Amino acid sequence: MATRDDPSEPAAVTTAEAGVEGEVVYRVHGEPVAELPTDLYIPPDALEVFLESFEGPLDLLLYLIRRQNLDILTIPIAEITRQYMGYIEVMRALRLELAGEYLVMAALLAEIKSRMLLPRPVEAESDEDYDPRLALIRQLQEYEQFKTAAERLDALPRMDRDLFAAGASVEALEGAPPPAPSLDELMEALAAVMHRATLSAHHHIATEQLSVRERMSLILDELDAERFSDFVGLLLAGEGRQGVVVSFLAILELAKAGLVEWGQSEPYSPIRLRLRGAAPDVREDEA
Amino acid sequence: MNDGDSRAVAPGDGATDDLLRAVELAVEAVLFAAAEPVPARDLKAACADLGEVDQALLDTALQRLQEHYTGRAIELVRSAGGYRFRVRPHYSGNVQAAQPERPQRLSRALLETLAIIAYRQPATRAEIEAVRGVAVSSGIMRTLQEREWVRVVGHKEVPGRPALYATTRRFLDDLGLSRLEELPPLEQIRDLADVASDAGLTLAPPGAEESAEPGTSRRLDFDPDGDQEYFGPNA
Amino acid sequence: MNDGDSRAVAPGDGATDDLLRAVELAVEAVLFAAAEPVPARDLKAACADLGEVDQALLDTALQRLQEHYTGRAIELVRSAGGYRFRVRPHYSGNVQAAQPERPQRLSRALLETLAIIAYRQPATRAEIEAVRGVAVSSGIMRTLQEREWVRVVGHKEVPGRPALYATTRRFLDDLGLSRLEELPPLEQIRDLADVASDAGLTLAPPGAEESAEPGTSRRLDFDPDGDQEYFGPNA
């Protein structure tokens, strides 16, 4: 193997595809990426997605080992190190954000490789003292064990995905219902949601929009899928001039969301509105 | 099984009997899993892979289902929105007694769901889940509707036509509000959240803000399937 | 319900038959009204006004209930949290057809983290990171806790007192399991003694695995009996 022959060569810098023994067909260091290592077998567009799909350096190492049908216990460390460095370089060349763990692993691999080139010390007390691969092997085994466990866990039937609870309405029951929430409780709950996650994308929903949203709900409720409603009538259902504006905005929002459709029997006749779709046969075609 | 004698379907027709039985059970499954009354149209859609299910066949299946639950603790009822199972009022006491020491408090999941609907309405369940980051159970949606704080105001025209939920008049009344815009503006709530986190209060587990940055981490925990921008940046 | 033949009730005893029937229906009502699995204790509480309901009677009622739903689209099942009615897996497709909104995929990072907690519990974040070889994001820990699959059960007495995570009863309920040891067993890993002998001075040839004894694998510290205490204070 090319890299093994020259232990002084900084492995993290140069990547060689040893198609022919010793022949360097691909270099990264100091040069733009003109060509990906041929053993990656991945179209460049897919590469980013592919690399992101690794859960970390152990996952990547495991992939490299498994791809060659090798046993974890017999890792050809020089070859695996060479391939690992190849991926790291490609990730860097593509300016992918590289977690520090990948670089730590690169250093570890380089260290193991160099130690394996040294002759075995006579006084080595145990195999583990001697063979620098053992700690890594143990880590890989353990990771693979849980990787498999995670896959099996995901394969188990799960509530709300594969299994569904069977419940019935309790509406008819008598007795004290739970209390209504206070405004404070509600706001606290919402603050918790916003605090923790994704609402950054929804900050545009400001106060004045609430009236529009409310009106959207009211208009949706009023509309029918079979029957058209009068557009002007809907506008005037609100209060005063502001009501018209709010209703108008609400209808535009609904139209934009594809929830309503417009109709006009002839030019200049009243504009009419109804719920979109919802015809039973259409539904069955979709299903 | 004590399936009552089917009437609308010609007796002795084996193939139809099998279909009828299959429809009855599929409908049973769908009704028990649903968060709200299921319209006949959706019941038919759920049976689409069983064969040709027309209204008469569905009606017969529903009738058989209803008969099967005669004398049981639940009953199949029809309301404006469709069909559903409900616990018979006779068992109110037993249901109450089953939750002895649990004070009837509203769960955090329910409150969060309600708050999101109030601000994002009309919203689908998937949209609520995208905001919350975790699943919303049918049970919660059922409770919110039974308390009449939330109702279905339409269906989104995407595959499956998911229900669009909105808050009700009753919701405003129970909160002592006359209109939705009397709710505090979202900005203010966000400030509240920030203040709480600055003060080290535990509104959410520590480190929550890390993933609030879009794009910094892969969040594959759920699939927002592009619904996000649906009611999104509206000019 | 695993006790198939609990015939605690004398046949022909009219009064007991009536009681049994009443208990069966009360339990049916409670289970359908509940959003979550109901423990036997709560079921007994629900029947308090019916008469003397002991465990044997309750078991018989549950068994009759289970039998009543034989051949139906739903089934009575028992998991860690208690009893619940569930749509039979055979009908999942019909339910999904009626509510097709969300795929609910979990990320590999989340699943791996969950698996490590499930089999290693209680585990600290550092222990999880040591196995995975990467940092565990706060988002994942938060999502796991919000789903109520994982919770903090204590703190490890080392500098910094890191939180110890364990899975919840809800986790088991959502997978339909009663106990942790019903999880699929961990793949056994080969003993390091074998590893050492296999790893020679030169790179060992592929295929060296034949020499390893599968039986000597290191047992992971997965304590099947110690799991109960992590089910939480309301156990």
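Residues numbered from 1 in each chain as written. Chains lettered and ligands numbered in written order. Predicted model: local features only at pLDDT ≥ 70, side-chain atom pairs only at ≥ 80, totals over all residues. Heavy atoms only, no water.

1. Observations concerning the overall build of chain B
What counts, and what does not: Comment: elements are numbered from the N terminus, with helices defined as DSSP H or I runs of at least four residues and strands as E runs of at least two. With a 1.4 Å probe rolled over the protein chains alone, any residue whose accessible area is under 20% of its type maximum counts as buried; one over 50% counts as exposed, and the rest are partly exposed. Working rule for contacts: check all heavy atoms of both residues, and any pair within 4.5 Å makes them a contact. In short, Shrake-Rupley with a 1.4 Å probe defines the accessible areas, and a residue's cover is counted only from the protein chains shown.
Check the secondary structure of chain B and you find 9 helices and 4 strands. Helices and strands appear in chain B in the N-to-C order α-α-α-β-β-α-α-α-α-β-β-α-α. The proportion of buried residues among the 235 residues of chain B is 53%. Restricting to contacts in chain B with at least 6 residues of sequence separation, those with at least 24 account for 54%. Summed over all atoms, the accessible surface of chain B reaches about 9900 Å², with 51% contributed by carbon and sulfur.

2. Thoughts on empty space enclosed by the protein
The following threshold applies: In this analysis a 1.4 Å probe is tested at points of a 1 Å grid over the protein atoms alone, and where it fits but cannot get out there is a cavity; an open set with protein on both sides within 12 Å along at least five of seven lines is a pocket; lining residues have an atom within 4 Å of a point. Grid points are joined across faces, edges and corners, and a volume is the space filled by probe spheres set on the points. Amino acid classes used here: Ala, Val, Leu, Ile, Met, Phe, Trp, Tyr, Cys and Pro are nonpolar; Asp, Glu, Lys and Arg are charged; the rest, including Gly, are polar.
All chains considered together, the criterion is met by 5 cavities of 30 Å³ or more. Here the second largest cavity is characterised by a volume of approximately 70 Å³. Looking at the second largest cavity, the residues that line it are Gly167, Ala168 and Ser169 of chain A together with Leu31, Ala34, Ala35, Glu36, Pro37, Tyr83, Arg84, Phe85 and Arg142 of chain B. When residues in the lining of the second largest cavity are grouped by element, the largest group, 3 residues, is from strand 2 (residues 82–87) of chain B. Taken together, the residues of the lining of the second largest cavity break down into 7 nonpolar, 2 polar and 3 charged.

3. Topic: the environment of Leu134 of chain A
All names here are of chain A. Position of Leu134 among the secondary structure elements: in helix 7 (residues 133–155). You can call Leu134 buried: its relative accessible area is 3%. For the pair Leu134 and Gly86, spaced 48 residues apart in sequence, the C-alpha to C-alpha distance is 23 Å.

4. What about the nonpolar core?
Here is the rule: Among the buried residues, those of types Ala, Val, Leu, Ile, Met, Phe, Trp, Tyr and Cys that are joined through side-chain atoms within 4.5 Å form a nonpolar core.
If you look at the biggest cluster of nonpolar residues, it comprises 67 residues, and the most contacted ones within it are Leu31 of chain B together with Phe32 of chain C. Setting aside its immediate chain neighbours within four residues, Phe32 of chain C contacts Ala166, Gly167 and Ala168 of chain A, Phe32, Ile74 and Val87 of chain B together with Tyr69, Ile74 and Phe85 of chain C. Listed in part, the 37 residues of the second largest apolar core include Leu186 of chain A together with Leu111, Leu114 and Ala163 of chain B.

5. A closer look at the pattern of salt bridges
The line we're drawing: Salt bridges are counted wherever a side-chain nitrogen of Lys or Arg sits within 4 Å of a carboxyl oxygen of Asp or Glu.
A full pass over the atoms with the stated rule returns 44 salt bridges over all chains. Between Glu181 of chain B and Arg179 of chain B there is a salt bridge; the shortest N-O distance is 3.1 Å. A residue is classified by how much of its surface remains accessible, and Arg179 of chain B, at 32% relative accessible area, is partly exposed. By sharing partners, the salt bridges in this structure join Glu55, Asp59 and Lys147 of chain A together with Arg108, Glu112 and Arg132 of chain C into a single network.

6. Let's talk about the environment of Glu89 of chain A
Residue and element names in this part refer to chain A. Of note, Glu89 is situated in helix 4 (residues 77–93). Using a relative accessible area of 7% as the deciding quantity, one classes Glu89 as buried. Along the backbone, Glu89 and Phe228 are 139 residues apart, and their C-alpha atoms lie at a distance of 63 Å.

7. Overview of the confidence of the model for chain A
Residue and element names in this part refer to chain A. How we decide: A residue's pLDDT is simply how confident the predictor is in it, with values from 0 to 100.
Taken as a whole, chain A shows an average pLDDT of 71; of its residues, 65% reach a score of 70 or greater. Ranking the helices and strands of chain A by mean pLDDT puts helix 7 first, with 92, and helix 12 (residues 280–286) last, with 35. pLDDT under 50 marks residues 198–208. Its contacts with residues more than four places away, or in other chains, come to 24 contacts.

8. Looking at the side chain of Arg142 of chain B
To be explicit about the condition: His is not counted, nor are the chain ends; Lys and Arg add positive charge and Asp and Glu add negative charge.
Its location among the elements puts Arg142 of chain B in helix 7 (residues 138–146). Although Arg142 of chain B is buried, it makes no salt bridge; Glu146 of chain B carries the closest opposite charge, 5.2 Å away. The residues touching Arg142 of chain B, leaving out its near neighbours within four places in the chain, are Gly167, Ala168 and Ser169 of chain A together with Phe32, Ala33, Ala34 and Ala35 of chain B.

9. Observations concerning the packing of helix 5 (residues 108–120) of chain B against helix 7 of chain B
Each pair of packed helices can be summarised by the angle the axes make with each other and by the distance between the axes. Residues and elements named next belong to chain B. Under the convention used in this document: To obtain each axis, a line is fitted to C-alpha atoms, and for helices this fit is confined to the stretch in contact; angles are then taken between N-to-C directions over 0 to 180 degrees. By definition, any crossing whose near helix is turned counterclockwise from its far helix by less than a right angle is left-handed, and any crossing with a clockwise turn is right-handed.
At a minimum axis distance of 10 Å, the contact between helix 5 and helix 7 shows a crossing angle of 65 degrees. Helix-helix and strand crossings are classified by hand; for helix 5 and helix 7 the assignment is right-handed. The segment helix 5 lies against helix 7, with Ala109, Leu110, Thr113, Leu114 and Ile117 engaging Ile140, Met141, Thr143 and Leu144. The class makeup of the residues in the contact of helix 5 with helix 7 is 7 nonpolar, 2 polar and no charged.

10. Focus: a nonpolar patch on the surface
Condition: Only residues whose relative accessible area exceeds 30% and that take part in no salt bridge are eligible for patches, with like-charged residues grouped when within 9 Å of each other and nonpolar side chains (Val, Leu, Ile, Met, Phe, Trp, Tyr) grouped when within 5 Å.
Taken together, Val245, Phe248, Leu249, Leu252, Trp262 and Ile271 of chain A make up a surface patch of nonpolar side chains, about 500 Å² in accessible area. Looking at the secondary structure, you find Leu249 of chain A in helix 11 (residues 240–256).

11. Side note on helix 5 of chain B
An α-helical segment advances 3.6 residues per turn. Residues three or four places apart therefore align on the same side. Residue and element names in this part refer to chain B. Filter applied, for reference: In a helix, the anticipated span is given by 1.5 Å times the number of residues less one.
For helix 5, with 13 residues, the first-to-last C-alpha span of 18 Å sits near the 18 Å given by 1.5 Å per residue. Taken across its 13 residues, helix 5 has 12 buried, putting it largely inside the fold. Burial in helix 5 covers these residues: Ala109, Leu110, Leu111, Glu112, Thr113, Leu114, Ala115, Ile116, Ile117, Ala118, Tyr119 and Arg120.

12. So, the confidence of the model for chain B
All names here are of chain B. Chain-level statistics for chain B give a pLDDT mean of 76 and a share of 72% at 70 or above. In the model, residues 196–235 has pLDDT below 50 throughout and makes 74 contacts with residues more than four positions away in sequence or in other chains. Both scores are given for the predicted complex: the pTM is 0.70, the ipTM 0.73.

13. A few points about the packing of aromatic side chains
Rules: To pair, rings of Phe, Tyr and Trp, with the six-membered ring standing in for Trp, must have centres within 6.5 Å; the planes then decide the type, stacked if under 30 degrees apart, edge-to-face if over 60, and tilted in the middle.
A complete count under the given rule lists 11 aromatic pairs over all chains for this structure. Seen from their ring centres, Phe32 of chain B and Phe32 of chain C are 4.8 Å apart, and the 15 degrees between their planes marks the pair as stacked. Linking Phe32 of chain B in helix 1 (residues 14–33) with Phe32 of chain C in helix 1 (residues 14–33), this pair reaches from one chain into another. Aromatic ring contacts, followed pair by pair, group Phe32, Tyr69 and Phe85 of chain B together with Phe32, Tyr69 and Phe85 of chain C into a single cluster.

14. Observations concerning the sheet that holds strand 1 (residues 229–230) of chain A
Residues and elements named next belong to chain A. For clarity, the threshold we go by: Pairs of strands are assigned from DSSP output, requiring at least two bridges between the strands.
Pairing within the open sheet is antiparallel, and its 3 strands lie in the order 1-3-2. Each end of this open sheet is capped by a strand with a single partner; those strands are strand 1 and strand 2 (260–263). Bridging between strand 1 and strand 3 (residues 272–275) involves 2 bridges; their strand directions are antiparallel. Across the sheet, the residue bridging to Ser229 is Leu273, located in strand 3.

15. A closer look at the pairing of strand 4 (residues 163–167) of chain C
Residue and element names in this part refer to chain C. The buried count for strand 4 comes to 5 of 5 residues, which makes it a mostly enclosed element. Across 5 bridges, strand 3 (residues 150–155) lies against strand 4 in antiparallel orientation. In the strand pairing of strand 4, His155 is matched with Ala163.

16. A short note on the environment of Lys147 of chain A
Along the chain, Lys147 of chain A falls in helix 7. Each C-alpha atom, one on Lys147 of chain A and one on Gln242 of chain A, is 59 Å from the other, the two residues being 95 residues apart in sequence. Each residue touching Lys147 of chain A, except ones within four places of it in the same chain, is listed here: Asp59 and Leu62 of chain A together with Arg108 and Glu112 of chain C.

17. Thoughts on helix 3 (residues 55–68) of chain B
Relative to the 20 Å expected for 14 residues at 1.5 Å per residue, helix 3 of chain B spans 20 Å between its end C-alpha atoms, a close match to the ideal helical length. Restricting attention to buried positions, one finds in helix 3 of chain B the residues Leu57, Leu58, Thr60, Ala61, Leu62, Arg64, Leu65 and His68 of chain B.

18. Digging into unusual backbone geometry
The omega torsion of the bond from Gln121 of chain B to Pro122 of chain B falls at -10 degrees, within 30 degrees of zero and hence cis. Relative to the assigned elements, Pro122 of chain B resides in the loop between helix 5 and helix 6 (125–132). A positive phi angle, close to 60 degrees, is found at Glu148 of chain C, a residue other than glycine. Tracing the sequence through the fold places Glu148 of chain C in the loop between helix 7 (138–146) and strand 3.

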